[in-house]
Each structure stands twice: as C-alpha cells, then as structure tokens.
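# Tertiary structure, described
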Amino acid sequence: MIFGYVRGISETQSLERQIEELRSFGCDFIFEEKQTDLTCDKPVYKEMRSKLCSGDILVVYDLSGLGKKFREIRDEWKALIEENIEIIVLKMPILDTRKEGGERTVADLVLSLLSWVVEEEGERVRIAQKKGIEIAKRQGKFMGGKRRYHENATGEEKIIYDEVVRCLKDNISIMNIHRNTGLSRNTIYIIKEEIEKLK
C-alpha cells in the first residue's frame, strides 16, 4: 500500500496542491495534519504510522513531514527503513529508498544535510517571528492571534466556550475539560483567568 502524508503549519494553510501531488503519485491513503504548535506530537502521523506495514511505501511532500529536528528526522527515517517501509520525498526525488546501490548511499548523505537545513530553517523562522512580534509590540501594533473562544463568540465556538465556563464553575479539572472539549489547556487557562478577573 502507498500512504501519503502532508503537514501544514497553521489551520488556515491550504494543503490542496500537496494533496493533489500525492494523489497523482498514486497514494492509496492520504493523511492530512494541520498544526500551529511545532512541538505537537503529530496525532495524525501517529495514526498513519500505526497502519504502516513491511513492504508499504510512505510518500511525504517534503522532509519536514518526518519532523522538525535533525535527530527526529534521522531517527524516524532509520526506524522506517528497519521496518522495511520505503520512503519517498516528492520535493527531493533523490530521497527515494526504492533506489539501489550508490544512489541510496547518496540519498542517506542528502538526508543528513537536508535534515539539518530543515531544523535551521525552522529556527530561523521562529527567531524572525519573535523579532517581528517584539517590533510590533513596541509600535503598539501587535494584538496577538484572533481568539475563537470568548464570551462574545458565536456558533460552535460559543457552545464550547459556555461548556468550559460551566465546567470551571463545577470545579472540573483543566485536564478533564481539555479531554472533553478538545481545547488546549492554555486556552482553558486563559478563559479561567478572564472569569476570575470578572469576579
């Protein structure tokens, strides 16, 4: 079986072009993951990983699909190889473990180099983001991300917000509220602080 995996770095990023390339490649299953937290443990990837068997092929759009850190990418690559799962990186055709002999050795070398590049690029983006936010704060332009769950929210967001408020009033633990609603603990703490301020 051929499994495809793409990962976005935000909930609003469109992955349709990447998904279309995976379809064109002939993937039997395509797993799509969107996240804003670079330290996320990738639940969709973990679900897909549990389905991979010896002889399967994993197609990722780019190397960051395997991780954000050099060691993370390298260790996952080695683990897949040891389980006899072939790996193809669409954006870098040389990273194709189906190739034999010298090409495969070159692929291992390129993997090491590109894994480092991915990690460095991620760090560069984080530093640039941090500096941009600091400048915007000094200029009074930074307002933070748009909040979805608040007292004046509408639709599903309002329903979830009201449920969090109810649970907090009933002294239900943050962890249980997180499990029941799917909201991050950080978001729940923010709501809790707002309620306490209103008191």
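Preceding this section is the structure that the text describes.
Rules used in this analysis
Residues numbered from 1 in each chain as written. Predicted model: local features only at pLDDT ≥ 70, side-chain atom pairs only at ≥ 80, totals over all residues. Heavy atoms only, no water. Helix = DSSP H or I, 4+ residues; strand = E, 2+ residues; numbered from the N terminus. Buried < 20%, exposed > 50% of the residue type's maximum accessible area, 1.4 Å probe, protein only. Contact = heavy atoms within 4.5 Å. Areas by Shrake-Rupley, 256 points an atom, 1.4 Å probe, with all protein chains shown as cover. Expected span 1.5 Å × (residues − 1). Arc of directions from axis to C-beta. Salt bridge = Lys/Arg side-chain N within 4 Å of Asp/Glu carboxyl O. Pairing = 2+ DSSP bridges. Axes fitted to C-alpha atoms, helices over the stretch in contact; angles between N-to-C directions.

## Thoughts on the overall build of the protein
Within the protein, the secondary structure is distributed over 7 helices and 4 strands. For the protein, the sequential pattern of α-helices and β-strands runs β-α-β-α-β-α-β-α-α-α-α. In the protein, which comprises 199 residues, the proportion classed as buried is 33%. Across the protein, contacts joining residues at least 24 apart in sequence account for 57% of those joining residues at least 6 apart. When the accessible surface of the protein is summed, it comes to about 12,800 Å², and 52% of that surface belongs to carbon and sulfur atoms.

## Side note on helix H7 (residues 185–198)
With 14 residues, H7 ought to run about 20 Å at 1.5 Å a step, and its terminal C-alpha atoms sit 20 Å apart, in line with that. Those residues of H7 lying buried are Ile-188, Ile-191 and Ile-195. Looking straight down H7, one finds that the buried residues subtend no more than 60 degrees of arc, so they occupy a single side. The exposed set on the far side of H7, more than 90 degrees from its buried face, consists of Asn-186 and Lys-197.

## Considerations on the pattern of salt bridges
In total, this model carries 10 salt bridges according to the counting rule given. Here Glu-72 and Lys-42 are joined by a salt bridge, their closest N and O atoms 3.7 Å apart. With Glu-72 in helix H3 (residues 70–82) and Lys-42 in the loop between strand S2 (29–34) and helix H2 (43–49), this pair connects stretches of sequence that are 30 residues apart. The salt bridge partner of Asp-96 is Arg-98, with a shortest N-O separation of 2.7 Å. Because the salt bridges share partners, they merge into one network encompassing Glu-16, Glu-20 and Arg-23.

## Here we look at the environment of Ile-85
Its location among the elements puts Ile-85 in the loop between H3 and strand S4 (86–89). A sequence separation of 12 residues divides Ile-85 from Thr-97, and the C-alpha atoms of the two residues are 8.8 Å apart.

## With respect to the environment of Lys-51
Here Lys-51 shows up in the loop between H2 and strand S3 (57–60). Put simply, Lys-51 and Phe-3 are 48 residues apart on the chain and 9.2 Å apart in space, counted from C-alpha to C-alpha. Residues in contact with Lys-51, not counting those within four places in the same chain, are Phe-3, Phe-31 and Asp-56.

## Looking at the sheet that holds S2
Read across the sheet, 4 strands follow the order S2-S1-S3-S4 without closing on themselves; strand pairing throughout is parallel. Single-partner strands in this sheet number two, and they are S2 and S4. Taken pair by pair, the neighbouring strands of this sheet meet at an average axis angle of 20 degrees, ignoring direction. Here helix H1 (residues 16–25) sits on the sheet and contacts strand S1 (2–8), S2, S3 and S4; the angle it forms with S1, its principal contact strand, is near 170 degrees.

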